[in-house]
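# Working through the structure, step by step
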Amino acid sequence: MDQYQATQLCPEVFETEVYKTISRRRNANTLKAIPLFSSFQKKQVGPLQKFDDERLAQIGDLFELVQYEEDVEIFKIGDIGESFYFIKKGEVDVFAHDDRDNEIRVDRLTDSEWFGEISLVEMSRRTATIRTRCPTLCLELHKEQFATFQDLAPELAATIESVIAIRKSKALQKTPFFQGVIENKPWSKLSLLGELFKYEDFDKHENVFKQGEKGDSFYLLIEGHVTVLITEEDGKEHAIDQHGPKLVFSEK
């Protein structure tokens, strides 16, 4: 029986302060095992690590445990971002689309790693599809709680941003335009480039920009297709080109 089923059968149990306290402590202990929260370690006493338990308990109270079976799609590219996840136990595969719109695996995440943060940080739609490889237990943070999470753990912002930059760099690696970049420095050029890009969503038939407007942005198309139109002397728009995933436009 999963937690949802148990909640339906015995809702009064899950509303008690005893259960809420146990849940809060359990989630806080799970966070201690995640490297991202190592900054919450206050000191080392022999073999024991002393954490800021009060703050971890507050953060743990924001999360809920969710269980997924094998081969479950947690979310897919283009979905509205609703949650941010830490993997307590299990594995998920990360999928994107190539320039022919075929699904390809671009990463695999396991215990103590996280996913789903990009949509909440940049307020964009999902940039990848996440599917479980085996039964997977996650801590889920809903977007309504994300601002509180940031307030309680401001020191994690830089780490999360750097991981987002790395994940963007993986998207750049699969783009023909950036495949000529030579990584010959002790730091990653593509990761630095990834920090410069921000995800932006457009609805179907929405204008990204119009002919004659002052150009102020450079776009890398991650998902979807765009049509290039020009306005002729007769005032009518005519399609002259189309771009698909992994192509760039507005580079002039």
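Shown above is the structure to which this text applies.
All of these numbers come straight from a predicted model, not from anything done at the bench. (Residues numbered from 1 in each chain as written. Predicted model: local features only at pLDDT ≥ 70, side-chain atom pairs only at ≥ 80, totals over all residues. Heavy atoms only, no water.)

## What to know about the sheet that holds strand S3 (residues 64–68)
Read across the sheet, four strands follow the order S3-S10-S5-S8 without closing on themselves; strand pairing throughout is antiparallel. The open sheet has two free edges, formed respectively by S3 and strand S8 (114–115), since each of these has just one partner strand. As paired elements, S3 and strand S10 (residues 136–142) share five bridges and run antiparallel to each other. Paired with Gln-67 across the two strands is Leu-137, which belongs to S10. (Pairing = 2+ DSSP bridges. Helix = DSSP H or I, 4+ residues; strand = E, 2+ residues; numbered from the N terminus.)

## Considering the sheet that holds strand S9 (residues 129–132)
Strand order across the open sheet formed by four strands is S4-S9-S6-S7, with antiparallel pairing between neighbours. Across the chains shown, the open sheet's two edge strands, defined by having one partner strand only, are strand S4 (73–75) and strand S7 (103–109). When the angles between neighbouring strand axes are averaged without regard to direction, this sheet yields 30 degrees. (Axes fitted to C-alpha atoms, helices over the stretch in contact; angles between N-to-C directions.)

## Re a negative patch on the surface
Taken together, the side chains of Glu-200, Asp-201, Asp-203 and Glu-206 define an acidic patch exposed on the protein surface. With respect to the helices and strands, Glu-206 occurs in the loop between helix H8 (189–196) and strand S11 (219–220). (Patch = residues over 30% accessible without salt bridge, like charges linked within 9 Å, V, L, I, M, F, W, Y side chains within 5 Å. Areas by Shrake-Rupley, 256 points an atom, 1.4 Å probe, with all protein chains shown as cover. Salt bridge = Lys/Arg side-chain N within 4 Å of Asp/Glu carboxyl O. Lys, Arg positive; Asp, Glu negative; His and termini not counted. Charge placed at Lys NZ, Arg CZ, Asp CG, Glu CD.)

## Looking at the packing of aromatic side chains
According to the stated counting rule, one finds 18 aromatic pairs in the structure shown. Taking the centre distance of 5.1 Å and the plane angle of 80 degrees together, the rings of Phe-177 and Phe-178 count as edge-to-face. Given a relative accessible area of 7%, Phe-178 falls into the buried group. An aromatic cluster is defined as three or more aromatic residues linked by ring pairs; in this entry it consists of Phe-37, Phe-63, Phe-84, Phe-86, Trp-114, Phe-146 and Phe-149. The ring of Phe-75 has Arg-126 sitting right over it, with the charged end atom 3.8 Å from the ring centre. For the cation-ring pair, Arg-131 lies above Phe-95, with the distance from its terminal atom to the ring centre recorded as 4.6 Å. (Phe/Tyr/Trp six-rings, centres within 6.5 Å; stacked < 30°, edge-to-face > 60°. Buried < 20%, exposed > 50% of the residue type's maximum accessible area, 1.4 Å probe, protein only. Lys NZ or Arg CZ within 6 Å of the ring centre and 35° of its normal.)

## Quick word on the side chain of Ser-169
In this fold, Ser-169 is placed in helix H7 (residues 157–173). Accessibility expressed as a relative area gives 4% for Ser-169, which makes it buried. In this structure the side chain of Ser-169 is engaged in a polar contact, spanning 2.5 Å, whose partner is the backbone oxygen of Ile-166. If near-sequence neighbours (up to four positions away) are discounted, Ser-169 is found in contact with Leu-190 and Ser-191. (Polar contact = N/O pair within 3.5 Å; in protein donor to acceptor, adjacent residues only side chain to side chain. Contact = heavy atoms within 4.5 Å.)

## Some remarks on the pairing of S7
Inspection of the sheet shows strand S6 (residues 92–97) paired to S7 by six bridges, in the antiparallel sense. By the bridge assignment, Phe-95 is partnered in S7 with Arg-105. The antiparallel hairpin formed by S6 and S7 contains five residues in its connecting segment, where Asp-101 sits at a positive phi of about 70 degrees.

## With respect to the nonpolar core
With 28 residues, the main nonpolar core has Phe-37, Ile-59, Phe-86 and Phe-149 as its most contacted residues. Where this core is concerned, the elements lending two or more residues are helix H3 (17–32), helix H4 (53–60), strand S5 (83–89), helix H5 (117–122), S10, helix H6 (146–152) and H7. (Core = buried A, V, L, I, M, F, W, Y, C linked by side-chain atoms within 4.5 Å.)

## Observations concerning H8
Three or more residues of H8 are buried, namely Leu-190, Ser-191 and Gly-194. Within H8, the buried residues cover an arc of 100 degrees as seen down the axis, which keeps them to one side. Turned more than 90 degrees away from the buried face of H8, the exposed residues are Glu-195 and Leu-196. The inward-facing, buried residues of H8 abut H7. For H8, the N-terminal cap is Ser-188; the gap from its side-chain oxygen to the backbone nitrogen of Leu-190 is 3.4 Å. (Arc of directions from axis to C-beta.)

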